[in-house]
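Analysis of the macromolecular model
Here's the letter readout for the chains.
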Amino acid sequence: MQSLLSFKHGVHPPEHKDITAGIASRRFPFPDEIILPLSQHIGTPAESLVQAGDRVERGDVIAQAAGFISSSVHATASGVVKSIELWPHPNGTMVPSIRIDVDPNSTQMQRPRIVPRWEEVEDEDLSGEIGKAGIVGLGGAAFPSHVKLTPPKDQPIDLLLVNGCECEPYLTSDHRTMLEHPEKVYLGIRIALKALGISRAVIGVEANKPDAIEVMRNTAPHDLDVTVQALQVKYPQGAEKMLIKAVMGREVPSGALPSSIGALVQNVATSANVAAVFTTGQPLIERIITVTGRGIRKPGNWVIPFGTRLRDVINQCGGLTDDAAEIVFGGPMMGLGQANLDVPILKATGGVLVLSRDECKRQDILPCIRCGKCLEVCPVFLNPQLMGALAKAERFEELAADANLGDCMLCGCCSYVCPSNIPLSQLFAASRVQLGRLAKLA
Ligand code: SF4
Ligand code: SF4
């Protein structure tokens, strides 16, 4: 029997994946309005190519990448552009967004798009085609995939690590992708390997998805040098650095990228969407999203067009239960709490989690008792207790320079174990925002 690899430290939160893991994904009905922010990715916001009154078809590029680290946006439904205006974004800010009145009489067929046969595209040009399709990492970070697939020339990649861990509690969209579309995941892997000019891939899957491990092993193409590696169930096993440590035994140095040690990590859902670009010509306009938690009446996995409003998702899933208390985009460890039902689903939204009152009991924040529990779980061996004290004292420069805030993944392990209920990872996230503001003022 293969041993289960993992990393040091981390936590074991309750999984709650049983709510939706066994529910096959279904296509979400098209809403009457779609809202597509120009900023759905890490990097410079895209530039709009449309104006109010324009007719757009599903799959049309409506905003183009503006700069090297940026990503294009495509219409996720056919209709007429209503306006381009500031709109509530899931990150809590107002962001320029394209609003589309969806055509109720349209068949919503994607506009045909001519794409070259991937086998005939030069290796270095494949990432350009992936960029045109607006593909970003679907594991949560939304980093443009075409940039990731073009690592610096002096940092050659020797292993593609395909991330099927899905270690956040509750979420099951990657699990369903592996069960329902293994052939797409493998085609996406082939294309990424060709783009990188390498031949070997490892798919990492946490051992709590034995059916996905079996499907991926049974469908592995014989001519592909790929291993499906079962991994210990531990949070945050799906974080890039933790996956690299578990599978390759290598550590990404502080402040460096995985490419510096020859690794490139791509999520299984990203792989499946890369495959779609070269088979049907479909750009990134939809994905499987888990809608779950004890606060939603009909949990499930849905293929949802980006830009669908949160309120439409909730209504389609039977509405909120009487004891619904909090809505989160993503999982409970790293997800973003939502206060506005008009925010749209984005490319990076893997799940909508509605917690009941029982699931999110609020507790008083108490003073630090220096128990050291946060140090014992931090996967990157930081000192969250010291960092928390510096953040509270607004000593942001020291937090960055001496306490290595830049290495913090905001994974939430420290907050999870803190007996004083100190929201450490939220303090660190807010500190980063403050440091960004200070840098702009300098
Ligand atoms: S876990 Fe909480 S109480 Fe314990 S040392 Fe860390 S911050 Fe202080
Ligand atoms: S949030 Fe940051 S400091 Fe806290 S455990 Fe995760 S990596 Fe460590």
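Reference entry: report on the structure contained in this document. If you're wondering where the values come from, they're calculated on a predicted model, not measured in any experiment. (Residues numbered from 1 in each chain as written. Chains lettered and ligands numbered in written order. Predicted model: local features only at pLDDT ≥ 70, side-chain atom pairs only at ≥ 80, totals over all residues.)

Packing of helix H4 (residues 182-196) against helix H7 (residues 268-279) leaves a shortest axis separation of 7 Å and a crossing angle of 80°. One element, H4, and the other, H7, form an angle in the roughly perpendicular class. Counted together, Lys184, Val185, Leu187, Gly188, Ile189, Ile191 and Ala192 of H4 and Val268, Ser271, Ala272, Val274, Ala275, Ala276 and Phe278 of H7 form the full contact between these two elements. (Axes fitted to C-alpha atoms, helices over the stretch in contact; angles between N-to-C directions. Helix = DSSP H or I, 4+ residues; strand = E, 2+ residues; numbered from the N terminus. Parallel < 35°, antiparallel > 145°, perpendicular 65-115°, else oblique. Contact = placed C-beta atoms within 7 Å.)

What follows is about the nonpolar core. In this structure, Leu160, Leu161, Ile189, Ala192, Val205, Leu243 and Val352 are the most contacted members of the largest nonpolar core, which totals 120 residues. For this core, the element with the highest residue contribution is H4, accounting for 9 residues. No fewer than three residues from each of domain 1 (124-279) and domain 2 (373-441) sit in this core. Once residues within four sequence positions are removed from consideration, leucine 161 is found in contact with Val202, Gly204, Leu243, Ile244, Val247, Ala263, Leu264 and Val265. (Core = buried A, V, L, I, M, F, W, Y, C linked by C-beta atoms within 7 Å. Buried ≥ 20, exposed ≤ 12 C-beta atoms within 10 Å, placed from the backbone. Domains from an automatic or database assignment.)

Now for the site of ligand 2. Taken together, the neighbourhood of ligand 2 is formed by 15 residues, with Cys378, Cys408, Cys411, Cys413 and Cys414 sitting nearest. The biggest single contributor to the shell around ligand 2 is helix H13 (residues 424-441), with 3 residues. Of the residues that constitute the shell around ligand 2, the class distribution is 13 nonpolar, 2 polar and no charged. (Near = placed C-beta within 6 Å. Nonpolar A, V, L, I, M, F, W, Y, C, P; charged D, E, K, R; others polar.)

With an omega of 0°, the peptide bond running from tyrosine 235 to proline 236 counts as cis. One can find proline 236 in the loop between strand E11 (225-231) and helix H6 (240-248). With a phi close to 55°, histidine 16 is a non-glycine residue in the positive phi region. Relative to the helices and strands, histidine 16 resides in the segment before strand E1 (26-27). What makes histidine 16 partly exposed here is the crowd of 19 C-beta atoms within 10 Å. Its identity as a non-glycine residue notwithstanding, alanine 142 has a phi of 60°, on the positive side. With respect to the helices and strands, the residue alanine 142 is situated in the loop between helix H1 (123-132) and helix H2 (145-148).

With that settled, consider the site of ligand 1. Around ligand 1 there are 15 residues in total, and Cys368, Cys371, Cys374, Gln385 and Cys418 lie nearest to it. Broken down by secondary-structure element, the contributors of at least two residues to the shell around ligand 1 are helix H9 (373-377) and helix H10 (384-392).

Moving on: the pairing of strand E12 (residues 263-267). A large share of E12 lies buried, amounting to 5 of its 5 residues. The two faces of E12 match: Ala263, Val265 and Asn267 on one face and Leu264 and Gln266 on the other face are all buried. Pairing analysis gives 5 bridges linking strand E9 (residues 159-163) to E12, with the strands arranged parallel. Following the sheet pairing, leucine 160 is matched in E12 by leucine 264. (Pairing = 2+ DSSP bridges.)

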